[in-house]
Amino acid sequence: MIRALRRSPAERDDGADPKAGAQAPPQKGRDAFFDNAKFLAIVLVVVGHSWESLRDHSRATAAAYMLLYAFHMPAFTIISGYFSRSFDFRPRQLQRLVSGVVVPYITFEVALNAFRAYNTSDPFEVSILDPWYLTWFLMSLFIWRLTAPLWRLMRFPLATAVLIAVVVGTTPTAGDEIALQRTAQYLPFFVLGLQLSEGHFLRLRTGRLRFAAVAVLAAGAAVAYWAVPRMNPDWFYRRDAAQDLGVPTWVGVLMILGMLACSLALSAAFLALVPARRTWFTALGTGTLYAYLLHGFLAKGAHWWDWYDSEWARSPVGIVSISLIAAVIAVALTTPPVRRVFTYVMEPRLDWLFRNRAPGASAPKAPTRPQGAAAG
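This one's a predicted model, so the numbers in the text were calculated from it and none came from an experiment.

A.B. asks: So what about the packing of aromatic side chains? Which residues, and what values?
C.D. replies: According to the stated counting rule, one finds 26 aromatic pairs in the structure shown. With centroids separated by 5.5 Å and ring planes inclined at 80°, the aromatic side chains of Trp-136 and Phe-137 adopt a geometry described as edge-to-face. With respect to burial, Trp-136 and Phe-137 carry one shared label: buried. Taking the centre distance of 6.1 Å and the plane angle of 75° together, the rings of Phe-137 and Trp-144 count as edge-to-face. Each member of the pair, Phe-137 as well as Trp-144, is classed as buried.

Given below as structure tokens:
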């Protein structure tokens, strides 16, 4: 789904390696593995959205859709947590959090709602605290990143994050503000990413684990095919409380824990199969935020413009063709020409908004309390 989906300015810090914590070795440059992972994940996101209107006409498509939604955003969130390990409220980090997350969030929240109002009978309404459609990930990322230093201080951060996910996920009165359900239910993946080191990802890419990864994904596909007529796919969106999906609280607790385990296994399998070498698409991995946000207009427009209503679109040949077109669109939206056009809303320079401070300058000292002043 935080760079958010790419290595955004919000993930870079003042000379520190964004892939490591405070005790990391000197920066080695971009790691092709993570750019490859982000690129492949965003292609799956775009292709998955192209299947949304087709899954009711093909059980295989519905199973593939369910399988993708089980791991593509959890994998993004894990990577986002990993690249947030050095976030500690330094001035340049906060500036980049605003320019790389807050500004795109506000821009696309307004733009997507305006696009919806133009193409439907819905009134034009924007609630900055209630993200619509794709922008939830930026809202959640903003919250996750601000809390990253706190998670690093905790003794049991992952267990705490899982507890929060379960409590919020079984609280139907939690509300939709700040994408609370998704922010809480995806939180364990972000916190897990904060705990990971480069060595964990290296071990994932060993020969035996890659062989096991194929088996895990194959088993996931088989289970998804079996589950299509038996399970509500809304569980994979993580946007509703368990009671809203028609189950009692105790079932919701088990489902949330089971979904976390399932998504973690599938995410690990996906990451194990990502190539670590430079490929033709490695450089495109830096543009995944562009593809994530921009493809939303086509994904929603395709529904409103009835592109999926023909018999051809619902045929096996049509589904394969639409999937390939979606993949091509995802690739195109990560290319340098697209990034040059939209860089002013994705990565705006906001030097005018912040005070200039010399490199390494310390924060202003608090005024000295006069003698005899009241405490507190």
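Now, onward.
A.B. asks: Would you mind going over helix H9 (residues 207-227) in detail, with residue names and values included?
C.D. replies: Across its 21 residues, H9 extends 30 Å between first and last C-alpha, which sits within 8% of the 30 Å expected from 1.5 Å per residue. For H9, the full list of buried residues reads Ala-213, Leu-217, Gly-220, Ala-224 and Ala-227. Along the long axis of H9, the arc covered by the buried residues comes to 90°, so they all point the same way. Exposed and oriented more than 90 degrees from the buried face of H9 are Gly-207, Arg-208 and Phe-211. Of the surrounding elements, those touching the buried residues of H9 are helix H2 (59-82) and helix H10 (249-273).

A.B. asks: I'd love a proper account of the packing of H2 against H9, names of residues and values included.
C.D. replies: In contact at an axis separation of 8 Å, H2 and H9 are set at 125° when each is read in the N-to-C sense. Put simply, H2 runs oblique to H9. With respect to the hand of their crossing, H2 and H9 are arranged in right-handed fashion. In this structure, H2 contributes Arg-59, Ala-60, Ala-63, Met-66 and Leu-67 to the contact, and H9 contributes Leu-217, Gly-220, Ala-221, Ala-224, Tyr-225, Trp-226 and Ala-227. Here the contact of H2 with H9 is composed, by residue class, of ten nonpolar, one polar and one charged.

A.B. asks: Kindly report on the side chain of Thr-282, identifying the contributing residues and their values.
C.D. replies: Position of Thr-282 relative to the elements: it lies in the loop between H10 and helix H11 (288-304). A polar atom in the side chain of Thr-282 sits 2.6 Å from the side chain of Asn-36. Here Thr-282 is in contact with Ala-32, Asp-35, Asn-36 and Arg-277, once residues within four sequence places are set aside.

A.B. asks: Describe the confidence of the model for the chain, with residues and values.
C.D. replies: For the chain, the average pLDDT comes to 87, and 87% of its residues sit at 70 or higher. Throughout residues 366-376 the model reports pLDDT below 50, and contacts reaching past four residues in sequence, or to other chains, amount to two contacts.

A.B. asks: Please provide a residue-by-residue account of the packing of H9 against H10, values included.
C.D. replies: In contact at an axis separation of 8 Å, H9 and H10 are set at 130° when each is read in the N-to-C sense. Taken together, the axis directions place H9 and H10 in an arrangement best described as oblique. For the pair H9 and H10, the sense of crossing is left-handed. In contact with Leu-209, Arg-210, Ala-213, Val-214, Val-216, Leu-217 and Gly-220 of H9, H10 contributes Ala-265, Leu-266, Ala-269, Ala-272 and Leu-273. Looking at the contact of H9 with H10 residue by residue, the classes come out as ten nonpolar, one polar and one charged.

A.B. asks: How would you explain the environment of Val-214 if you had to name every residue and give the values?
C.D. replies: On the secondary structure map, Val-214 appears in helix H9. As a C-alpha pair, Val-214 and Ala-269 span 55 residues in sequence and 7.0 Å in three-dimensional space.

A.B. asks: Break down unusual backbone geometry for me, with residues and values.
C.D. replies: Most peptide bonds adopt trans geometry, and most residues besides glycine take a negative phi value. Phi at Ile-178 takes a positive value of approximately 50°, unusual for a residue other than glycine. Mapping Ile-178 onto the fold places it in the loop between helix H5 (157-169) and helix H6 (180-185). Owing to a relative accessible area of 31%, Ile-178 belongs among the partly exposed residues under this scheme. Unlike most non-glycine residues, Arg-238 shows phi in positive territory, near 55°. Here Arg-238 lies in the loop between H9 and H10.

A.B. asks: Hey, could you go over a nonpolar patch on the surface for me, with residue numbers and the actual values?
C.D. replies: There is a patch of nonpolar side chains on the surface, built from Ile-106, Val-110, Phe-124, Val-126, Ile-128, Leu-129 and Ile-178 and spanning about 540 Å² of accessible area. Take Leu-129: it is sitting in the loop between helix H3 (91-119) and helix H4 (136-153).

A.B. asks: Describe in detail the pattern of salt bridges, supporting the description with residues and values.
C.D. replies: Enumeration according to the criterion identifies six salt bridges in this entry. Among the salt bridges present, the one from Lys-38 reaches Asp-35, with a minimum N-O distance of 3.6 Å. Of the two residues, Lys-38 and Asp-35 are both situated in helix H1 (residues 32-50); the distance of three residues between them amounts to about one turn of the helix. A relative accessible area of 3% means that Asp-35 is categorised as buried.

Calculation criteria
- Residues numbered from 1 in each chain as written.
- Predicted model: local features only at pLDDT ≥ 70, side-chain atom pairs only at ≥ 80, totals over all residues.
- Heavy atoms only, no water.
- Phe/Tyr/Trp six-rings, centres within 6.5 Å; stacked < 30°, edge-to-face > 60°.
- Buried < 20%, exposed > 50% of the residue type's maximum accessible area, 1.4 Å probe, protein only.
- Helix = DSSP H or I, 4+ residues; strand = E, 2+ residues; numbered from the N terminus.
- Expected span 1.5 Å × (residues − 1).
- Arc of directions from axis to C-beta.
- Contact = heavy atoms within 4.5 Å.
- Axes fitted to C-alpha atoms, helices over the stretch in contact; angles between N-to-C directions.
- Parallel < 35°, antiparallel > 145°, perpendicular 65-115°, else oblique.
- Left-handed = near helix turned anticlockwise from the far one by under 90°.
- Nonpolar A, V, L, I, M, F, W, Y, C, P; charged D, E, K, R; others polar.
- Polar contact = N/O pair within 3.5 Å; in protein donor to acceptor, adjacent residues only side chain to side chain.
- pLDDT = per-residue confidence, 0-100.
- Patch = residues over 30% accessible without salt bridge, like charges linked within 9 Å, V, L, I, M, F, W, Y side chains within 5 Å.
- Areas by Shrake-Rupley, 256 points an atom, 1.4 Å probe, with all protein chains shown as cover.
- Salt bridge = Lys/Arg side-chain N within 4 Å of Asp/Glu carboxyl O.

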